[in-house]
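Summary of structural features
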Amino acid sequence: MRKPCLIIVCFICWIAATQSCQQKPAPAAAAGPFQFKEKLSDYGFFTGALKDLLPRKGVQNYELSTPLFTDYSVKDRFIVLPEGKTMQYTSHGALDFPDSTFIVKNFAYTNPAHQKIMIETRLLFKDPADKQWKVMNYLWNAAQQDAEKWILGKKIPITFLDDNGQQQSTVYQMPNTNDCKRCHINNSVLTPIGPKARNLNFTRSGQTQNQLQQWAANGLLTGLPAMDKVAQLPNWKDSIHYTVNERARAYLDVNCAHCHTQGGDAYNTGLFLEYEQTGADHLGILKSPVSAGGGAGGLDFDVIPGDALHSILAYRMNSVEPGTAMPELARTVIHKEGVTLIKQWINEMKK
């Protein structure tokens, strides 16, 4: 009689042990790299109709003193910091953003009816898994209700009004994510381009306080020194407060220097166009091109003082031909006002 009882006891113990194992929580899955969401609306950055881009609490709109030119597009920029975190001031390069920060940049155009038509939204995200920035593009739908994750890029015919209200047509080129990386990578590290302290250091129209000081006062930015210690990039359009040289150098810094700099995509050219650059050869003055090929138009020097007509820099800015046009990404039409400024800058140089 003892053997059956022993068997029953063992069976009961086995059941209890099995149930105990089943009740133990499953081990937590290892955190993987960040995954971009399928639609822009999935992030909840904005309230109301998405196309109105009304930022929710915690989403900070910002502007740049001198912005990048992109086919006369209308741009809206936002920073989304993780709750309880702040940006850190840096004197060189982009501000130091905490992990899990989003930088949002929206592109639209003004159509002949003076309506704002959304094209694309680009996101940069600082992934806490590896401390690296990641990039993703979102294409707005025809109904202007949402934007969908779009990796491959797209050519989009548009008819728009330029800064002088003149109607133009082009095929806007939404970049693929690798195109974005070409401009944003320096020394093989992807990094933000626009939000540098010097390009944020101004008082926005309609405001009474400097943008950086406003952020510091609101607890969004730490480490900001006295404002006379903070560099300021000129507004390339402001001919009242800045010289032609200052404005032209600021324009080249923003539109060209992310590639034409140490560690940039065009590092091998030896043409370095940062605002702080002082080397005549690096600025292209009487410098022969090293990799322009047919794009140089048969001209001999990047910049000839007093002679914009025969300077490669102005020639390439005044072209939309593939292999000639510079910048080679981010535009499909000529920035007439920008070309005029650079020609004036070259022509006013002492021969």
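Predicted, not measured: the structure shown is a model, and the values here were computed from it.

Our next topic: the sheet that holds strand 6 (residues 102–110). Read across the open sheet, the 6 strands follow the order 3-4-6-7-8-9; overall the sheet is antiparallel. Here the strands that pair on one side only, and so sit at the sheet edges, are strand 3 (59–62) and strand 9 (147–149). With direction set aside, neighbouring strand axes in the sheet form an average angle of 25 degrees. Here strand 7 (residues 116–127) runs beside strand 8 (residues 132–140); their pairing, made up of 8 bridges, is antiparallel. Paired with Arg122 across the bridge in strand 8 is Asn137.

Let us now look at the layout of surface pockets. Of the volumes computed, that of the second largest pocket is approximately 670 Å³. What lines the second largest pocket is a set of 31 residues, and nearest its centre among them are Leu64, Ser65, Pro67, Trp236 and Lys237. At the level of elements, strand 3, strand 4 (74–80) and helix 5 (244–256) are the ones that each hand at least two residues to the lining of the second largest pocket. Among the elements that line the lining of the second largest pocket, the one with the most residues is strand 4, at 4 residues. Within the lining of the second largest pocket, the residues separate by chemical class into 12 nonpolar, 10 polar and 9 charged.

Our focus in this paragraph is helix 5. Between its first and last C-alpha atoms helix 5 spans 17 Å; for 13 residues at 1.5 Å apiece the expected length is 18 Å, and the two agree. Taken together, the buried residues of helix 5 touch helix 3 (197–200), helix 6 (312–317) and helix 7 (336–347).

Ring pairs (aromatic) are described by centroid distance and by the angle formed between their planes. Per the stated rule, a full pass over the model turns up 16 aromatic pairs. Taking the centre distance of 5.8 Å and the plane angle of 90 degrees together, the rings of Phe97 and Trp133 count as edge-to-face. Of this pair, Phe97 sits in the loop between strand 5 (87–88) and strand 6 while Trp133 sits in strand 8; the two residues are 36 residues apart in sequence, bridging distant segments of the chain. Accessibility classification places Phe97 together with Trp133 in one group, the buried group. Taking 4.5 Å as the distance between ring centres and 45 degrees as the angle between the ring planes, the aromatic pair formed by Phe102 and Phe125 counts as tilted. Taken as a pair, Phe102 in strand 6 and Phe125 in strand 7 lie far apart in primary sequence, 23 residues in all. Here Phe102 matches Phe125 in class, with each residue buried. Through successive ring pairs, a cluster of aromatic residues spans Phe34, Phe36, Tyr43, Phe45, Phe46, Phe78, Phe102, Phe125 and Tyr138. In this structure, Lys37 is placed above the aromatic ring of Tyr43, and the distance from its NZ or CZ to the ring centre is 6.0 Å.

Reading the values: the criteria
Residues numbered from 1 in each chain as written. Predicted model: local features only at pLDDT ≥ 70, side-chain atom pairs only at ≥ 80, totals over all residues. Heavy atoms only, no water. Pairing = 2+ DSSP bridges. Helix = DSSP H or I, 4+ residues; strand = E, 2+ residues; numbered from the N terminus. Axes fitted to C-alpha atoms, helices over the stretch in contact; angles between N-to-C directions. 1 Å grid on protein atoms, 1.4 Å probe; cavity = no way out; pocket = protein on both sides within 12 Å on 5 of 7 lines; lining within 4 Å. Points joined across faces, edges and corners; volume = space filled by probe spheres on them. Nonpolar A, V, L, I, M, F, W, Y, C, P; charged D, E, K, R; others polar. Expected span 1.5 Å × (residues − 1). Contact = heavy atoms within 4.5 Å. Phe/Tyr/Trp six-rings, centres within 6.5 Å; stacked < 30°, edge-to-face > 60°. Buried < 20%, exposed > 50% of the residue type's maximum accessible area, 1.4 Å probe, protein only. Lys NZ or Arg CZ within 6 Å of the ring centre and 35° of its normal.

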